[in-house]
Amino acid sequence: MSTLIFGGTIVNEGNTFGGSLLIDRDRITEIFRDGKAPRGTYTDVIDATGCFVLPGVIDEHVHFREPGLTRKADMESESRAAAYGGVTSYFDMPNTVPQTTTLEALDAKFELASTKSHINYSFFLGATAANTELYGQADAHRIPGIKLFMGASTGNMLVDGADALATIFDRCAQLGLPLMTHCEDTAIINQNMAKAKEMYGDDPAITLHPQIRSTEACWTSTAKAVALARQFGTHLHVAHVTTARELTLFGHDPLITAEAVIAHLLFTDADYATRGALIKCNPAVKTATDRAALREALTSGTIYTVATDHAPHQAADKQGGCARAASGMPMIQFSLPAMLELVDGGVLSIAQVVSLMCHHPAQLFSVRDRGYIRKGYKADITIVKPHSPWTVTPEVIQSKCGWSPLMGHRFNWQVQSTLCNGQMVYHQGEFDTASRGEAILFR
């Protein structure tokens, strides 16, 4: 089976040029750097005129909630939402039920995904205070790395004891496994929450969330993680950095990198007044100054990757204030259009979007044959069209939870097509329900 994509503007490895792509089964076989489509007979022909042709997005940070929490989301629904948004690969987090902290639980997730996921998949092994012996037993070609919660969040996988942390950082360094951390200081958060409850009652207003999960809580934990990584030589990737102060810890050591997620690039604490708990997430959305610093860090190299921390909840779970409302939001369907909106705003270039969402996740986690438009690589391709306005409505949303903090938002970029392993998963509103992704390989 052969596919020709012609007439589009290809964006890849810092270059933007008119060209065509030839795909044979699941691989890119030729890249033509001119506007002329090569002659031949093809099974499928895709006219990308007026569009940009990008590598498929790799979202390194999602919570698809399966197994155990499928009332909120599942692999089928969320991988479908991902495909609608131009995402072709994802790495899922371990705070499911059961937690992905054993090899048996890890294998069970891979088995589920093989029958349910519409796009490519992998899963982090979760760190506990007592499972470091498993790191070397896990197949390093199947997993992106180890996920460590240094701050308490959904799923209660907190590890903050000094000895346990040292063992985890040391073990990852010995094995050469990337360690991805959620960094917030739980003791500081608990103190802040206790004070807020004394002043405002059992469920303080949602506007206080960034004061409870404060800059100090983030800085203290991130600084500790960076210090441990330097001590042991660990490959550390800090998830969802939210503050200008934390950014000062990054940018000098290629083994110590930072991730930003869409919510913190779009929203500020002023948005709690209108969006309420819909934008409640951990770490919290913070100030306009912090958002500006994060956006600037996208182009300076201080932020290395952009992901979603896609974390659906049922609408009922999002009711209440700081104590009661669940933390997390569904974002994967809208992450690429949101980043392209920042391109329109002059925040960064489309080539930088591709680096942050495609190239850098592939580099960081040593993904095999994905994340680039290269001859011989897997044909994971996203085609996007500018000047194509559309609005987020309930009918548009593919996530199982059925809501979005972006409800009513008007985007100007639209995902036209998503190809995964050479197969057309999504095309102009049509979705292939029979599509299935593959397990991602690393290293």
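What you see is a predicted model; the values in this text were computed from it and never measured.

Visitor: Teacher, can you tell me more about the overall build of the protein here?
Guide: For the protein, the count of helices and strands is twelve helices and 20 strands. Taking 2.2 N^0.38 as the reference for a compact globule, 443 residues should give roughly 22 Å; the C-alpha atoms of the protein span a radius of gyration of 21 Å, in line with that estimate. Structurally, the protein occupies a C-alpha span of about 70 × 45 × 40 Å along its principal axes. Burial analysis of the protein (443 residues in total) assigns 60% to the buried set. For the protein, contacts bridging at least 24 residues in sequence account for 73% of all contacts bridging at least 6. When the accessible surface of the protein is totalled, it reaches about 16000 Å², and 49% of it is carbon and sulfur. Taking the 37 positively charged and 45 negatively charged side chains of the protein as two groups, their mean positions are separated by 1 Å.

Visitor: How should I be thinking about the pattern of salt bridges in this particular structure?
Guide: Side chains that differ in sign of charge can pair as their charged atoms come close. Summed over all chains, the structure comprises 15 salt bridges. Its salt-bridge partner being Lys400, residue Asp74 comes within 3.1 Å of it at the nearest N-O pair. Within this pair, whereas Asp74 is found in the loop between strand S6 (57-62) and helix H1 (75-84), its partner Lys400 is found in the loop between strand S16 (390-391) and strand S17 (410-411), the two being separated by 326 residues in sequence. Under the relative-accessibility criterion, Asp74 is labelled buried at 10%. The network of salt bridges with shared partners includes Asp26, Arg370, Lys378, Asp380 and Glu438.

Visitor: Teacher, can you tell me more about the nonpolar core here?
Guide: Counting 103 residues, the largest nonpolar core has Leu148, Phe169, Leu298, Leu336, Met339 and Met357 as the members making the most contacts within it. Excluding residues within four positions of it along the chain, Leu148 makes contact with Ala127, Val159, Leu165, Ile168, Phe169, Leu179, Met180, Thr181 and His182. Core analysis: the next-biggest nonpolar cluster, separate from the first, contains 15 residues, Ile5, Ile10, Leu21 and Ile383 among them.

Visitor: What should I look at first to understand the environment of Gly251 in this one?
Guide: Along the chain, Gly251 falls in the loop between helix H7 (244-247) and strand S13 (256-261). The exposed category is assigned to Gly251, whose relative accessible area is 54%. Through-space distance from the C-alpha of Gly251 to that of Gly301 is 6.7 Å; in sequence the pair is 50 residues apart.

Visitor: Could you clarify how one ought to interpret the environment of Thr101 in this entry?
Guide: Considering the arrangement of structural elements, one finds Thr101 in the loop between strand S7 (87-92) and helix H2 (103-116). Relative accessible area serves as the criterion here: at 12%, Thr101 is assigned to the buried category. Each C-alpha atom, one on Thr101 and one on Asp369, is 28 Å from the other, the two residues being 268 residues apart in sequence. When residues no more than four places from it in sequence are discounted, the contact partners of Thr101 are Leu125, Gly126, Thr128, Asn131, Leu134 and Met157.

Visitor: I tried to follow the sheet that holds strand S8 (residues 120-123) on my own but got confused; where do I start?
Guide: Strand pairing within a sheet occurs via backbone hydrogen bonds; the two strands may be parallel or antiparallel. Spatially, the three strands line up as an open sheet ordered S6-S7-S8, and their pairing is parallel. Edge strands, defined here as strands with exactly one partner in the open sheet, are S6 and S8. In this sheet, adjacent strand axes meet at a mean angle of 20 degrees when their direction is disregarded.

Visitor: Just checking my understanding: could you explain the packing of aromatic side chains for this structure?
Guide: For any pair of aromatic rings, the description rests on two quantities: the centre-to-centre distance and the angle between the ring planes. Enumeration over the complete set of coordinates arrives at 15 aromatic pairs. Taken together, a centroid distance of 5.5 Å and an interplanar angle of 65 degrees make the contact between Phe91 and Phe442 edge-to-face. Taken together, the residues span a long stretch of sequence, with Phe91 in strand S7 and Phe442 in the segment after strand S20 (430-431) at a distance of 351 residues. Note on accessibility: Phe91 and Phe442 belong to one class, buried. Pairing Phe334 with Phe411 gives two aromatic rings, centres 6.4 Å apart and planes at 10 degrees, and the pair type is stacked. Of the two residues, Phe334 is situated in the loop between strand S14 (305-307) and helix H11 (335-344) and Phe411 in strand S17; the sequence distance between them amounts to 77 residues. Looking at Phe334, the relative accessible area reads 3%, which means it is buried. Here the aromatic residues Phe91, Phe124, Phe365 and Phe442 are joined through ring pairs into a cluster of three or more. A cation over a ring is seen here: Arg142 above Phe110, with NZ or CZ 3.9 Å from the ring centre.

Visitor: What's the story with the packing of helix H3 (residues 162-175) against helix H6 (residues 215-232) in this structure? I'm lost.
Guide: A pair of packed helices is characterised by two quantities: the angle between their axes and the separation of those axes. The geometry of H3 relative to H6 is characterised by a closest axis approach of 9 Å and an angle of 50 degrees between their N-to-C directions. By the angle class used here, H3 and H6 are oblique. Between H3 and H6 the crossing geometry is right-handed. The residues of H6 that touch H3, namely those facing Leu165, Ala166, Phe169, Asp170 and Ala173, are Lys224, Ala225, Leu228, Ala229 and Phe232. Of the residues assigned to the contact of H3 with H6, the class counts are eight nonpolar, no polar and two charged.

Parameters and conventions
- Residues numbered from 1 in each chain as written.
- Predicted model: local features only at pLDDT ≥ 70, side-chain atom pairs only at ≥ 80, totals over all residues.
- Heavy atoms only, no water.
- Helix = DSSP H or I, 4+ residues; strand = E, 2+ residues; numbered from the N terminus.
- Rg over C-alpha atoms; globule rule 2.2 N^0.38 Å.
- Buried < 20%, exposed > 50% of the residue type's maximum accessible area, 1.4 Å probe, protein only.
- Contact = heavy atoms within 4.5 Å.
- Areas by Shrake-Rupley, 256 points an atom, 1.4 Å probe, with all protein chains shown as cover.
- Lys, Arg positive; Asp, Glu negative; His and termini not counted.
- Charge placed at Lys NZ, Arg CZ, Asp CG, Glu CD.
- Salt bridge = Lys/Arg side-chain N within 4 Å of Asp/Glu carboxyl O.
- Core = buried A, V, L, I, M, F, W, Y, C linked by side-chain atoms within 4.5 Å.
- Pairing = 2+ DSSP bridges.
- Axes fitted to C-alpha atoms, helices over the stretch in contact; angles between N-to-C directions.
- Phe/Tyr/Trp six-rings, centres within 6.5 Å; stacked < 30°, edge-to-face > 60°.
- Lys NZ or Arg CZ within 6 Å of the ring centre and 35° of its normal.
- Parallel < 35°, antiparallel > 145°, perpendicular 65-115°, else oblique.
- Left-handed = near helix turned anticlockwise from the far one by under 90°.
- Nonpolar A, V, L, I, M, F, W, Y, C, P; charged D, E, K, R; others polar.

Note that all results are geometric; they support no functional claim without further evidence.
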